[in-house]
Amino acid sequence: MAGPTGHGGSLGAALGDLLRSQVTPRHRLSSYTAKHWHAQLSQLTATHRGYRALVDAGLRVTTRTLLNWLSDSKYTVRRSYRDLIHTAYENAAVVPAEPIPDPVKRGQFEISGLVKTGDDERERGNRRAAPLRIDGSRGDWDEIEELWLAGALTDDEFEDHFIDDIIVADIGEGTDGWDFPGTTYAVEVR
């Protein structure tokens, strides 16, 4: 039975597509667009998530003060409080990434597409050549997961770390390293 599959124009893009099909990446909620402190505070105080963000940011004011601020957008609010409101707003606007699940980190990867090591360059995952099979459990996922959780895992970085930290850990350096110069890849994890 086929497992989750990712497709892309590079190995990194296919890996990213696979990962995004399994877990939610770090992202910004589209409803958080307010620029002025008063609009931000109004939006934050409308939800439990917003109140929590205000507390986590360190905003400690009485209910009366909060009501005064909300009732008048021209109310004079100290710069330090406006900064805390903005920090809380930005924190509430960002949804953290879910961790990479163990079935992905421990999975058996099948890579289809153009694979090159040394002078050996061939299309894998077709009738003439089996997909490149990689045991993900033998690799080190720490840097990949750190970048993923920070929302900084680009397709190029994913490909580079996957080669260095997962492929090399499983089957070695290859003749002259590993290269994926093709334009279409599929990655399935079992």
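Residues numbered from 1 in each chain as written. Predicted model: local features only at pLDDT ≥ 70, side-chain atom pairs only at ≥ 80, totals over all residues. Heavy atoms only, no water.

**Student:** Would you mind going over the packing of aromatic side chains with me for this structure?
**Tutor:** How two aromatic rings sit relative to each other is set out by the distance from centre to centre and by the angle between their planes. Under the definition given, this model contains seven aromatic pairs. Taking 6.5 Å as the distance between ring centres and 80 degrees as the angle between the ring planes, the aromatic pair formed by Trp37 and Trp69 counts as edge-to-face. One end of the pair, Trp37, is in helix α2 (residues 37–44); the other, Trp69, is in helix α4 (residues 63–71), and 32 residues separate them in sequence. Taken together, the aromatic side chains of Trp37, Trp69 and Tyr81 make up a single cluster linked through ring pairs. (Phe/Tyr/Trp six-rings, centres within 6.5 Å; stacked < 30°, edge-to-face > 60°. Helix = DSSP H or I, 4+ residues; strand = E, 2+ residues; numbered from the N terminus.)

**Student:** Looking at this model, I keep getting lost on the pattern of salt bridges. Mind explaining?
**Tutor:** Pairing between side chains becomes possible if they bear opposite charge and their charged atoms approach one another. Scanning all chains against the criterion turns up ten salt bridges. Between Lys105 and Asp102 there is a salt bridge, with the nearest N and O atoms lying 4.0 Å from each other. Within this pair, Lys105 and its partner Asp102 are both found in helix α6 (residues 102–105), separated by three residues, close to a single helical turn. For Asp102, a relative accessible area of 48% puts it in the partly exposed group. (Salt bridge = Lys/Arg side-chain N within 4 Å of Asp/Glu carboxyl O. Buried < 20%, exposed > 50% of the residue type's maximum accessible area, 1.4 Å probe, protein only.)

**Student:** What's the story with the environment of Glu121 in this structure? I'm lost.
**Tutor:** As for its position among the elements, Glu121 is in strand β5 (residues 120–124). What makes Glu121 partly exposed here is its relative accessible area of 43%. Glu121 sits 109 residues away from Gly12 along the chain, and the two C-alpha atoms are 18 Å apart. Dropping the residues within four chain positions of it, Glu121 is found in contact with Leu114, Val115, Lys116 and Pro181. (Contact = heavy atoms within 4.5 Å.)

**Student:** Explain the environment of Phe109 to me, please; I cannot follow it from the model alone.
**Tutor:** Inspection of the secondary structure assignment puts Phe109 in strand β4 (residues 108–117). Given a relative accessible area of 1%, Phe109 falls into the buried group. Residues Phe109 and Val189, spaced 80 residues apart in sequence, show a C-alpha to C-alpha distance of 4.5 Å. Beyond its immediate sequence surroundings of up to four residues, Phe109 is in contact with Leu15, Leu18, Val104, Leu132, Arg133, Ile134, Gly136, Trp141, Phe162, Val187, Glu188 and Val189.

**Student:** Would you take a moment to explain a negative patch on the surface for this structure?
**Tutor:** Together, Asp140, Asp142, Glu143, Glu146, Asp155, Asp156, Glu157, Asp160, Asp164 and Glu173 make up a negatively charged patch on the protein surface. Breaking the negative patch down by element, the ones donating at least two residues are α7 (142–150) and α8 (155–171). The element contributing the most residues to the negative patch is α8, with five residues. With respect to the helices, strands and loops of the structure, Asp156 is situated in helix α8. Assessed through its relative accessible area of 57%, Asp156 is described here as exposed. (Patch = residues over 30% accessible without salt bridge, like charges linked within 9 Å, V, L, I, M, F, W, Y side chains within 5 Å. Areas by Shrake-Rupley, 256 points an atom, 1.4 Å probe, with all protein chains shown as cover. Lys, Arg positive; Asp, Glu negative; His and termini not counted. Charge placed at Lys NZ, Arg CZ, Asp CG, Glu CD.)

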